[in-house]
Amino acid sequence: MTETDLQTSKKIKIILADNRTLVRNCIANSIQQHATNIEVVAEAPDGGHLLKLIVSNECDIVLMDAILPGPSTLDIIKNIKVEFPNIAVLVSTSYSEMDFIIRCFKAGAKGYFLNTGSIEHLIGIIKRVHRGETVIPPEVSKRITIKNLGHQPQMQLPHEVLTDREWEVMILMASGKALSRVAQTLNLSPKTISSHRNNVMKKMGWQNNAEMMFYAIRKGLVKEEHPIQE
């Protein structure tokens, strides 16, 4: 048996990270039913637990939600790339906004799965990432290539000046989450979230959450049906 044959015969070991137990169970069960060569070895409800599980469990791929409680998702990706270079990160999310996708890949992600897709599609991406491919959704790959390669002039969008954490806070609040709920989601204090929000407001020149929401909708960062909650 060749080295390639050995690699393909071994199970692909995955750690799931999502703060929603139901979502994790659904993904794990679906993978078990549809792919005998993929095994979910551990599940994490937040970024802190994820990093601990990576240390204590052998895995090939981390499949993580775009926004997790605890450390910034993008900081987690960077950490994994440096500390565990043999582990590939696959981000699962409903966000298709260019700035965030580019941030994920610059941080070191190897795949990006829009979670409106089928389990068969996800399994296909997992196998491609395990083979060493970088998987970008076809509907966004051309736009990323154009932006990164400079095939046309690109002006920096206003929100691109935000830090990764500020971006997360902006998206969550523009999606309709109250400050206290954002703090709970990211496992940070309301005071810390308020500080990030104030920094976002200052950098963007906004006066209130309504301006944040309208900007996010106009730029396609969130869906319009989300109500805003002060």
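Since this is a predicted model, take the numbers as computed values, not measurements. (Residues numbered from 1 in each chain as written. Predicted model: local features only at pLDDT ≥ 70, side-chain atom pairs only at ≥ 80, totals over all residues. Heavy atoms only, no water.)

Before going further, it helps to examine the confidence of the model for the protein. Averaged over every residue, the pLDDT of the protein is 83; the share at 70 or more is 82%. Predicted confidence in the protein is weakest over helix H1 (residues 3-9), with a mean pLDDT of 48, and strongest over strand E1 (residues 12-17), with 96. Taken together, the stretch residues 1-7 has pLDDT below 50 and engages in three contacts with residues farther than four places along the chain or on a different chain. Segment residues 226-230: pLDDT under 50, and 16 contacts once partners within four positions in sequence are set aside and those in other chains are kept. (pLDDT = per-residue confidence, 0-100. Helix = DSSP H or I, 4+ residues; strand = E, 2+ residues; numbered from the N terminus. Contact = heavy atoms within 4.5 Å.)

As a further point, take the pattern of salt bridges. For the structure on display, the rule yields ten salt bridges. Note that Arg20 and Asp18 form a salt bridge whose closest N and O atoms lie 2.8 Å from each other. The class for Arg20 is partly exposed, based on a relative accessible area of 38%. Where Arg165 meets Glu168, a salt bridge forms, and the shortest distance between an N and an O atom there is 2.7 Å. Highlighted residues: Arg165 and Glu168, both in helix H8 (residues 164-174), separated by three residues, approximately one helical turn. Overlapping salt bridges bring together Asp18, Arg20 and Asp65 as one network. (Salt bridge = Lys/Arg side-chain N within 4 Å of Asp/Glu carboxyl O. Buried < 20%, exposed > 50% of the residue type's maximum accessible area, 1.4 Å probe, protein only.)

Okay, unusual backbone geometry next. For Asn187, which is not glycine, the phi torsion reads 60 degrees and is therefore positive. A residue is classified by how much of its surface remains accessible, and Asn187, at 55% relative accessible area, is exposed.

Moving on: the sheet that holds strand E3 (residues 61-65). Within a sheet, each strand pairs with its neighbour through backbone hydrogen bonds, oriented either parallel or antiparallel. Reading across the sheet, the five strands line up as E2-E1-E3-E4-E5 and stay open at both edges, with parallel pairing between neighbours. With partners counted over all chains shown, the strands left at the sheet margins are strand E2 (38-44) and strand E5 (111-114), one partner each. With strand direction ignored, the average angle separating the axes of adjacent strands in the sheet is 25 degrees. The pairing of E1 with E2 spans six bridges and is classified as parallel. In the strand pairing of E2, Ile12 is matched with Ile38. Contacts from helix H3 (residues 47-56) reach E1, E2 and E3 within the one sheet, and its direction differs from that of E2 by about 130 degrees. Contacts between helix H6 (residues 119-130) and the sheet are confined to E1, E2, E3, strand E4 (88-93) and E5, with E5 contributing the most and set at about 180 degrees to the helix. (Pairing = 2+ DSSP bridges. Axes fitted to C-alpha atoms, helices over the stretch in contact; angles between N-to-C directions.)

At a closest axis distance of 10 Å, the pairing of H8 and helix H9 (residues 179-186) adopts a crossing angle of 130 degrees. Our classification of the angle between H8 and H9 gives oblique. The element H8 and its partner H9 pack so that their crossing is right-handed. Of H9, the residues touching H8 (which contributes Arg165, Glu168, Val169, Leu172 and Met173) are Leu179, Val182, Thr185 and Leu186. Of the residues assigned to the contact of H8 with H9, the class counts are six nonpolar, one polar and two charged. (Parallel < 35°, antiparallel > 145°, perpendicular 65-115°, else oblique. Left-handed = near helix turned anticlockwise from the far one by under 90°. Nonpolar A, V, L, I, M, F, W, Y, C, P; charged D, E, K, R; others polar.)

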